[in-house]
Amino acid sequence: MSSSALQKMLSSAISHLHNDVRFVGAGYYEELRGKELQDNSFFKIALIYESAQMDSVLSDSEHIISTLDHLVTAFSDESAPGTARWTCLFENPLLLATFTFLCTDSFRSRSENPTIFWERNGKLTRIIEEQKPNKMNTELQWVEDRFWVWLLYAAQRLYSGELFEVISTIDLIRKKALGPMYSIRAHQKPAGLRYLEEIINPFEQKELQETLAKHDLASCEIALKAIAKTYVGLRETLDRGDLRRNRRAELGSLSYLHDICQNRH
C-alpha cells in the first residue's frame, strides 16, 4: 500500500468530520515494522468526539462510516463503553482499516498516542500534553479481569469433551492475553500475536509453543496448564504493584482445572 492510498482514506475522513462540531480530532495508529508503508499495512483510526455527544455520535456511527469514499463493506465489532469500532474494507486500492469512535474521556486513558492527522483548535494536542499514555495499567488490568474466566470456560469445555471449543478459547487467550504481554515485556507495542517471532527469544517461543493444542484431550489439558503457568509468569514480571487481582477467581479456576485433570487419569 502506498502513502497516497493512506492519504486518500484520511482525506475522506477529514472531509466528513470537519463540518461536524461533535468531533475534536482524529488520528491513526500504524501497525508497521520498519519505516516504510508496506502492502500488508493495517491501520487503526480513532475518531475522537466530545464526551457530552456520546449518544448522538454512537447512534450515527454507522451512517458516518457508510459515507466514506471507496468503502466496499464494514461491520461493527465488540467495543468498550463509549466507543464504536468498525472494521472497513476499501477499494482502489484494496485496504483494511478499523475506525474507532472514541470520546475524549476515554481518549485521556489511552494506552498509546496516535499520529494526529486532523484536530479542531489543537484539542487533541492539549490532551496528549496533559495526560500521558498508560499502557501498562490499561493492558495488564484488562487481561487480569478476564483471564481466569476464560480459563474456567475452557476447562468446562474440556470436561464436556468440546475440544474444538477448547482449542478456540485457547487461541483467544493466546491472542488477547499472552501475545500482548510478551510484547509489553519486550517494550514493543502490543499487536496480538503479530511479529512475536521477531520479538521474543527462543525460550519464550518454546514457552508459547507449549500452549498450542491438538484435537486431543491430553493435548488440550497440557495446553491449558501451560497457559495458566505462562500467564502467571508474565503477570509477575509486568506487575508494577498496582494490579488488582481477584484471588477467588484465580484459585477457583485453577482448582477446577486441577480437579478435572485428576479425575481424567
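Data block above holds the structure.
Notes on the structure in this doc start here. (Residues numbered from 1 in each chain as written. Predicted model: local features only at pLDDT ≥ 70, side-chain atom pairs only at ≥ 80, totals over all residues. Heavy atoms only, no water.)

Attention shifts here to the pairing of strand β5 (residues 95-103). For β5, a buried count of eight out of nine residues is recorded, marking the element as mostly surrounded by other parts of the structure. Pairing between strand β2 (residues 42-49) and β5: seven bridges, direction parallel. Looking at the pairing, Ile 45 lines up with Phe 99 of β5. In the sheet, strand β4 (residues 83-90) pairs with β5 via eight bridges, with the strands oriented antiparallel. Considered in β5, the bridge of Arg 85 is made with Thr 100. (Buried < 20%, exposed > 50% of the residue type's maximum accessible area, 1.4 Å probe, protein only. Helix = DSSP H or I, 4+ residues; strand = E, 2+ residues; numbered from the N terminus. Pairing = 2+ DSSP bridges.)

On to the nonpolar core, then. Phe 147 and Leu 224 are the most contacted members of the largest nonpolar core, which has 37 residues in total. Looking at this core, the elements that each hand over two or more residues are α5 (135-159), α6 (163-185), α7 (196-199), α9 (217-238) and α10 (247-264). Counting residues per element, this core draws most heavily on α6, which supplies 10 residues. Setting aside chain neighbours within four positions, we find Phe 147 in contact with Ile 173, Ala 177, Ile 227, Ala 228 and Tyr 231. (Core = buried A, V, L, I, M, F, W, Y, C linked by side-chain atoms within 4.5 Å. Contact = heavy atoms within 4.5 Å.)

Let us now look at the packing of α6 against helix α8 (residues 202-209). Where α6 meets α8, the closest approach of the two axes is 12 Å, and the angle between their N-to-C directions is 170°. Regarding the angle of α6 to α8, the classification is roughly antiparallel. Contacts from Arg 174, Leu 178, Tyr 182 and Arg 185 in α6 reach Glu 204, Glu 207 and Leu 208 in α8. Considered class by class, the residues forming the contact of α6 with α8 number three nonpolar, no polar and four charged. (Axes fitted to C-alpha atoms, helices over the stretch in contact; angles between N-to-C directions. Parallel < 35°, antiparallel > 145°, perpendicular 65-115°, else oblique. Nonpolar A, V, L, I, M, F, W, Y, C, P; charged D, E, K, R; others polar.)

By themselves, these figures tell us nothing about what the structure is for.
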